[in-house]
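# Structural characterization, general
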Amino acid sequence: MKTFTTLLLVLVLAFVTSAHKAKKHHRHQHGSFGKMMDIIHTQNKIMEHFLHKGGYGFGFGQPNIRQYTWNNMNNGADIAKLLSFQFRKKRSRTALKLTWSGNLYSRTAGRCARWYFTLNGRECSTPGKVEMIIYSNPTNHGYVQHSFTGACHGIAAGKVSIGFHVGKCVGYSSTQNAYTGWNSRSQIFVEELIIGLGN
């Protein structure tokens, strides 16, 4: 992004300088003025390429975001792939941001349930898993709206198979008595972004 910003500033400066010189010599160098206008036209085409054809990879253009929704899932599975769908990723160097918003519940005290995303059949490894866990105790029983999000890097461009799962928490072998999407609308947002890694 810094490289693009620097290039954009250089192009703008070149444009201003070219326009100033063209205006100054217009009366005495009509031929040079025509050449100068050709240069300015080329600069404008380059800027247009980065701002529009370059698209979202440079922070401009049409965002690549999709919203997926389900009504009243009412799924009591404890270990399962709950949802599966495809997303078309436009560029290899971008990350995918995944967000869940919906009702999640672990119904038995002392049990733990885990919800998580997979991409092309695998959990994210860079920087790490996109997941949420709920541990139930005697005081927190209830069907509650939850939202969690995370980003995954290193996914190639093209069709990406995305799965939303429920399963066991690490260190818990017993059935967790999970429930997903109770009598409400569930949503998943997938967004293609340029995101820097903090570490």
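Below: a short report on this structure. Not measured: the values here are computed from a predicted model. (Residues numbered from 1 in each chain as written. Predicted model: local features only at pLDDT ≥ 70, side-chain atom pairs only at ≥ 80, totals over all residues. Heavy atoms only, no water.)

## Quick look at the overall build of the chain
The number of helices and strands found in the chain is two helices and nine strands. Listing the helices and strands of the chain from first to last along the sequence gives α-α-β-β-β-β-β-β-β-β-β. The burial tally for the chain puts 38% of its 199 residues in the buried class. Long-range contacts, defined as pairs at least 24 residues apart, comprise 81% of the intrachain contacts of the chain with a sequence gap of at least 6. Only carbon and sulfur atoms are counted for the fraction: they give 54% of the accessible area of the chain, which is about 11800 Å². (Helix = DSSP H or I, 4+ residues; strand = E, 2+ residues; numbered from the N terminus. Buried < 20%, exposed > 50% of the residue type's maximum accessible area, 1.4 Å probe, protein only. Contact = heavy atoms within 4.5 Å. Areas by Shrake-Rupley, 256 points an atom, 1.4 Å probe, with all protein chains shown as cover.)

## Focus on the pairing of strand 9 (residues 185-193)
The buried count for strand 9 comes to seven of nine residues, which makes it a mostly enclosed element. Pairing between strand 1 (residues 64-71) and strand 9: eight bridges, direction antiparallel. Paired with Asn-71 across the bridge in strand 9 is Arg-185. Inspection of the sheet shows strand 3 (residues 95-106) paired to strand 9 by seven bridges, in the antiparallel sense. When the sheet's bridge partners are listed, Thr-99 is paired in strand 9 with Phe-189. (Pairing = 2+ DSSP bridges.)

## What to know about the state of the cysteines
Counted under the stated rule, the structure contains two disulfides. The residue that forms a disulfide with Cys-112 is Cys-169, at a sulfur-sulfur distance of 2.0 Å. Note on the Cys-112 and Cys-169 pair: the S-S dihedral is about -75°, so by sign convention the disulfide is left-handed. On the criterion of sequence distance, the pair formed by Cys-112 in strand 4 (residues 112-119) and Cys-169 in the loop between strand 7 (158-168) and strand 8 (178-180) is long-range, its members being 57 residues apart. The disulfide bridge from Cys-124 ends at Cys-152, spanning 2.3 Å between sulfur atoms. Because the sign of the S-S torsion sets the handedness, a value of about 105° for the bond joining Cys-124 and Cys-152 places this disulfide among the right-handed ones. You can see Cys-124 sitting in the loop between strand 4 and strand 5 (131-135) and its partner Cys-152 sitting in strand 6 (residues 144-152), a full 28 residues away along the chain. The two residues Cys-124 and Cys-152 agree in class, both being buried. Cysteine pairing in the chain follows 1-4, 2-3, where each cysteine in a disulfide is numbered by its order in the sequence. (Disulfide = S-S within 2.5 Å.)

## Things to note about the sheet that holds strand 5
Taken together, the four strands give an open sheet; going across it, the order is 2-7-4-5, and neighbouring strands pair in antiparallel fashion. Pairing within the sheet leaves two strands with one partner each, and these edge strands are strand 2 (80-89) and strand 5. The mean angle between the axes of side-by-side strands here comes to 15°, regardless of whether they run parallel or antiparallel. (Axes fitted to C-alpha atoms, helices over the stretch in contact; angles between N-to-C directions.)

By themselves these figures say nothing about function.
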